[in-house]
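Each chain is listed here by its residues.
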Amino acid sequence: MISNNFYPYVIIFFLAGFLLVAGCSKSDDQREFENQSLSAPNDYTETPTEGEIINNDPDDWRVSPMYQSRIYIGTGISSFEPPYPNPLNYNQDLNIFIYVSNVDNLDEIRVYSFETNPNTSEQFVTLEDNISSPSLVSIRLSGQEISGQPGGSEANGLYRIRILDGNLNVITYGDIKIGTE
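Residues numbered from 1 in each chain as written. Predicted model: local features only at pLDDT ≥ 70, side-chain atom pairs only at ≥ 80, totals over all residues. Heavy atoms only, no water.

Observations concerning the pattern of salt bridges
Item 1. Applying the stated criterion across every chain, the model contains 7 salt bridges.
Item 2. Here Arg 160 makes a salt bridge to Asp 59, at a shortest N to O gap of 3.9 Å. You can see Arg 160 sitting in strand E7 (residues 157-165) and its partner Asp 59 sitting in the loop between helix H2 (28-37) and strand E1 (62-63), a full 101 residues away along the chain.
Item 3. According to the relative accessible area criterion, Asp 59 is partly exposed, its value standing at 22%.
Item 4. With a closest N to O distance of 3.4 Å, Arg 140 and Asp 93 form a salt bridge. Taken together, the residues Arg 140 in strand E6 (residues 135-142) and Asp 93 in strand E3 (residues 93-100) connect sequence positions 47 residues apart.
Item 5. Using a relative accessible area of 54% as the deciding quantity, one classes Arg 140 as exposed.
Item 6. Salt bridges here are not isolated pairs; linked through shared partners, they connect Asp 59, Arg 62, Arg 160 and Asp 175. (Salt bridge = Lys/Arg side-chain N within 4 Å of Asp/Glu carboxyl O. Helix = DSSP H or I, 4+ residues; strand = E, 2+ residues; numbered from the N terminus. Buried < 20%, exposed > 50% of the residue type's maximum accessible area, 1.4 Å probe, protein only.)

Details of unusual backbone geometry
Item 1. The omega torsion across Tyr 84 and Pro 85 is -15°, close enough to zero to call that bond cis.
Item 2. Its place among the elements puts Pro 85 in the loop between strand E2 (71-73) and E3.
Item 3. In this model, Asn 86 is joined to Pro 87 through a cis peptide bond whose omega is 10°.
Item 4. Tracing the chain through its elements places Pro 87 in the loop between E2 and E3.
Item 5. Unlike most non-glycine residues, Ser 69 shows phi in positive territory, near 70°.
Item 6. The residue Ser 69 is located in the loop between E1 and E2 in this model.
Item 7. For Ser 69, a relative accessible area of 59% translates into the label exposed.
Item 8. Not every positive phi belongs to a glycine, and Leu 168 is a case in point at roughly 65°.

As for the environment of Ile 96
Item 1. Relative to the helices and strands, Ile 96 resides in strand E3.
Item 2. Residue Ile 96 is classed as buried on the basis of its relative accessible area, which comes to 1%.
Item 3. Each C-alpha atom of the pair Ile 96 and Val 137 lies 8.1 Å from the other, and the pair is 41 residues apart in sequence.
Item 4. Apart from residues lying up to four places away in sequence, Ile 96 is in contact with Pro 83, Val 137, Ser 138, Ile 139, Leu 141 and Ile 163. (Contact = heavy atoms within 4.5 Å.)

Brief notes about the sheet that holds strand E8 (residues 170-178)
Item 1. The antiparallel open sheet is built from 5 strands, whose spatial order is E1-E8-E7-E4-E5. Of all strands in the sheet, those bounded by a partner on one side alone are E1 and strand E5 (123-128).
Item 2. As paired elements, strand E4 (residues 109-114) and E7 share 6 bridges and run antiparallel to each other. Within the sheet, the bridge partner assigned to Val 111 lies in E7 and is Ile 163.
Item 3. Against the sheet, H2 engages E1, E4, E7 and E8, with an angle of about 20° to E8. (Pairing = 2+ DSSP bridges. Axes fitted to C-alpha atoms, helices over the stretch in contact; angles between N-to-C directions.)

With respect to the sheet that holds E3
Item 1. The antiparallel open sheet is built from 3 strands, whose spatial order is E2-E3-E6. Each having just a single partner strand, E2 and E6 make up the two edges of the open sheet. If you compare each strand with its neighbour and ignore which way they point, the axes differ by 25° on average.
Item 2. Sheet topology places E3 next to E6; 8 bridges connect them, and they run antiparallel. Bridged to Asn 95 within E6 is Arg 140.

Below you can see the structure in the form of structure tokens.
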């Protein structure tokens, strides 16, 4: 038989375990952000050159709750600079700059893309694994890499780019148009 003096320790042990597990899970805001990143692309931020925004899609290139105030889309913390050019041609390169201001546990950045449904068509595009904090991460992706298509006109369309950390937490996402039609 277990003495009554033992029960408070059992309760404390289970409570501490629960708090530890709860503290390691994603916040509701992060989960919602990640679910939004899986929706089909629907619009895009038009950026013909670096720093020039012709048409802004407010859903594109937001930073996830997990990385706000620690990661910035652009070359520094002072301004928002979405990837460019957008739209781009099949043989053009998209330039993405991510400024990491203070994330000691970020060891890699993974880039994925899909056209309509991430469950059937999301593909791994590239990996950046030489990250130090603080640093500027520069990613160049061709229209061919984003689309995963072997030919130019077959690649035309709207694609969702998802950028994740090494633990597959979404950092940011945005839509890219390939083809100028």
